[in-house]
Every structure is written in structure tokens, then in C-alpha cells.
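# Analysis of the macromolecular model
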Amino acid sequence: MTDAGHSAALDLRIHDSFDEIRPLWRAFERDAVMSVYQGLRWLELWHSHVGGATLDRLALVVGERDGRPVFIWPLGIWRAGPLKIARWLGGKFNNYNLGLWCPSEIAAITEEEMRRALGDIARKAGIDSFELANQPKTWEGFDNPFAMICEQQSPSNSFVMDLEPDFDALYARRRSSRSRRTQRRKRETMAEAGEIRLLHARDEATVLKIVDALVEQRNARAAEAGIPSIFAEKGAQAMTREILLDGLSSPTTGPIMEAHALEVGGIIRATYVGGVHRGRYSCFLNSFREDDLTATSPGDQLLLDVVEYCCQSGMTQLDLGIGEARYKSAWCEPDPLFDSFIAMSAAGRLHAGFYELRQSVKRAIKANPVLWNAVKKARQLRSRAHF
């Protein structure tokens, strides 16, 4: 751990081990403004299975005022040649990054305090640039303080929907009568292929069954689209499996992640894995099987079941994660995200400038349907050329 620092009324500590602040983090996250992706268990599993081998070291920042925590920023430091780059832990496994904030302090923190804190952290840890991606502008009704420092629109939005106890009313309001009729017809066609079962991962055997189907379906879909599968990341499958199994042994706190699947004729045709935090279901990964039932839209059918399940479970929000897709806009509203590229050295300005430009180009391409379709087509052609 580095020596304690001071920034205006904030006292800062930078830790390079989860062990050093585990009790503090666990107590703080009970009421902190945060998403499921800032949970201690989630990030510990990501670090042990996926991220630990790639980063230089952890930089877990605790900001306190009068001895009480104001925030925890779960950062890591990566090497880019001689440069040290600070990023949020979790990487592309997180749909949202925002740190953990004390509800009574988040609105009071000033831009000057934020800038001084970043400067102190950079000096103590030798950071050349902060490159903080996929941050929400607001969370649980609070503005994100990082937007005061640097706010560049992320290439893609996330998608969010408010839930209510009456699923039928929500369904009628969100989807047209024509869409609902189409869903019913597809469900009837699906039923002709065999018994339809909605699986919830409540035991080890079901968890393993769903994860196996998820991995197989995601890998097949990624290969078809010509993009890397998330399960190409070493440890990704083990992390997903462990976080789901972990929930089975936590009856008092509940699961961090839940898994659901649609089984037809004894075969899993679609899956959803999502994080559960303070009444919000955040989709982490989903998949569907390409086979004779693809035309019945098993992914859409399962999403319908998941939305109903969330309503019946008393959840108040559902988000479908980052990236534009028809099924997301059919249910949800766009939730704009932003990136912060904050240089702390001359070399860091060059590195941050490169990433800022890259994100701008990606955003421009995705915003242009012609260009984005061309990119997706090129990926598919490249993938097929490898077979």
C-alpha cells in the first residue's frame, strides 16, 4: 500500500491488494451508489480468472472525508510500453463503470476535488493516463462526478427499462399488439418441437448445463459474425461458472448473478445471465442456438420470460447491456455512456489522444448504418475465408 495522501478535504489511499480493504469494501457496498459490476466478489473473480495476468498491478483507491469513505475507485494499472495506464477493473466484462460512491457525498464532491484526487493518485502511482470507458452519466438518480472532468460519448449505448409488478400491463405498453401476436404464434410453433421449459439456475447441475450451452452458443455466433468470443478470454468460462455457483451458497445476500435458459425438446435454445443488484437485473451475457427453431426467435422468447420473471420478483429496472440491437430497442430506452481520457504526462497525452480518436472513429462508424453494415459484412467474409 502507498502512503496516505491528501486532496483538499479528501484523504486518499491507494491499495494494491483486495485483502487490504475487503472489510471496508463489503461494508461500503451495502449502501453505495454502484452497479453490480463494482461488487467486490465480481471484481475479485474477474481478477483471479481473467484480468490478473494482464495488468501490472491493482490500484484500489479509497477516498475518505473525516474518516468516513466517500468513494472506492476499483482501478488497475496496465503497461503500454513504458507508460502506466489506469483503467477500471473488469474491462469489457463490465457494462457499466462508475466506482462506488457514498450516497450522501456523491452530489457534494466538486470538480476541484476530483481533479486534485486524480492528480494525487497519478503522482503516487506513476500513472501517465486515466482511460475510463463505459461510464453512465447518471446512476440511481445521481450525476456521475467523472462527467465534470472529461466526457466523451462512448461508441455504443446501453439499454434500460423501468419495470413494474404488472407484467401484462408493461408488455402491452412496450410491445405492439402485432408484436405480441407474432410472439404467440412463434411460441406455438416452438411447442410443436417438444416441451418448453424455463430453467432457472438454482442448483449446480443446472448452472453447469446453462453455462455449457452459453459458451457453445456464444462461440458459434461469434465465429459466424467474425468477431472474437468473450470466451476466447482465458478464464472467462471459469469466472462465469464460479460467480453463478457462488450465488447458490449465499442464501442470505442472494446471488450476484442469475442464469436462465429456454429449453425446448430437452435442448437449451437460448440463455440469459445477468447481475442482480438493488432491484436491477443487468444482462451480462445472452445467447441463442442456431438450429431448426431459430425462426421462432428463442432469444426473444426467453427475454420475454426473463422480463416477466423480473416483474414477478419485484425488480424495478432491467438493462440489456452495451451495444445496439433490435431486441434491445424493442423493450428498452438508450442509456448513453461516456468515456474519460485524462492525461497526466506528455507521453500520456499521446496515448490518451490515440484512444480518444479510436473511440470517436468507432462511434462514427456505428452511427452510420451503411458503414456499420459494411464492417459487419467484412467480418463475416473474413471469418468464412478462414474455414
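Notes on the structure follow. (Residues numbered from 1 in each chain as written. Predicted model: local features only at pLDDT ≥ 70, side-chain atom pairs only at ≥ 80, totals over all residues. Heavy atoms only, no water.)

Right, let's get into the packing of aromatic side chains. Scanning all chains against the criterion turns up 14 aromatic pairs. Between Trp 73 and Phe 146, the ring centres sit 4.9 Å apart and the planes meet at 55 degrees, which makes this aromatic pair tilted. Of this pair, Trp 73 sits in strand S4 (residues 68-80) while Phe 146 sits in the loop between strand S9 (142-143) and strand S10 (152-153), placing them 73 residues apart in sequence. Among the residues examined, Phe 146 registers a relative accessible area of 1% and is labelled buried. Among the aromatic side chains, those forming a connected cluster through ring pairs are Phe 71, Trp 73, Trp 88, Trp 101 and Phe 146. (Phe/Tyr/Trp six-rings, centres within 6.5 Å; stacked < 30°, edge-to-face > 60°. Helix = DSSP H or I, 4+ residues; strand = E, 2+ residues; numbered from the N terminus. Buried < 20%, exposed > 50% of the residue type's maximum accessible area, 1.4 Å probe, protein only.)

This next bit is on the environment of Ala 346. Topologically, Ala 346 is positioned in helix H10 (residues 346-367). Considered as a pair, Ala 346 and Ala 59 are 287 residues apart in the sequence and their alpha carbons are 21 Å apart.

Okay, the pairing of strand S13 (residues 257-264) next. When you tally the buried positions in S13, you get eight out of eight residues, the bulk of the element. Side chains Met 257, Ala 259, Ala 261 and Glu 263 project from S13 onto one buried face, and the interleaved Glu 258, His 260, Leu 262 and Val 264 project onto a second face that is buried too. Note that strand S12 (residues 196-200) and S13 share five bridges and pair antiparallel. Note on S13: the bridge partner recorded for Leu 199 is Ala 261. Sheet topology places S13 next to strand S14 (residues 267-277); eight bridges connect them, and they run antiparallel. Looking at the pairing, Val 264 lines up with Ile 267 of S14. (Pairing = 2+ DSSP bridges.)

Here the focus is the sheet that holds strand S16 (residues 317-322). An order of S12-S13-S14-S15-S16-S11-S17 is seen for the seven strands of this open sheet, with the pairing classed as mixed. Among the strands making up the open sheet, the edge pair consists of S12 and strand S17 (333-335). Direction aside, the axes of adjacent strands within the sheet are offset by 30 degrees on average. Where strand S15 (residues 280-288) lies against S16, three bridges are found, and the strand directions are parallel. Each bridged residue has a counterpart across the sheet, and for Tyr 281 the counterpart in S16 is Leu 318. Running over the sheet, helix H7 (residues 236-248) touches S13, S14 and S15 and is turned about 100 degrees from S13. (Axes fitted to C-alpha atoms, helices over the stretch in contact; angles between N-to-C directions. Contact = heavy atoms within 4.5 Å.)

The analysis is restricted to geometry; functional conclusions fall outside its scope.
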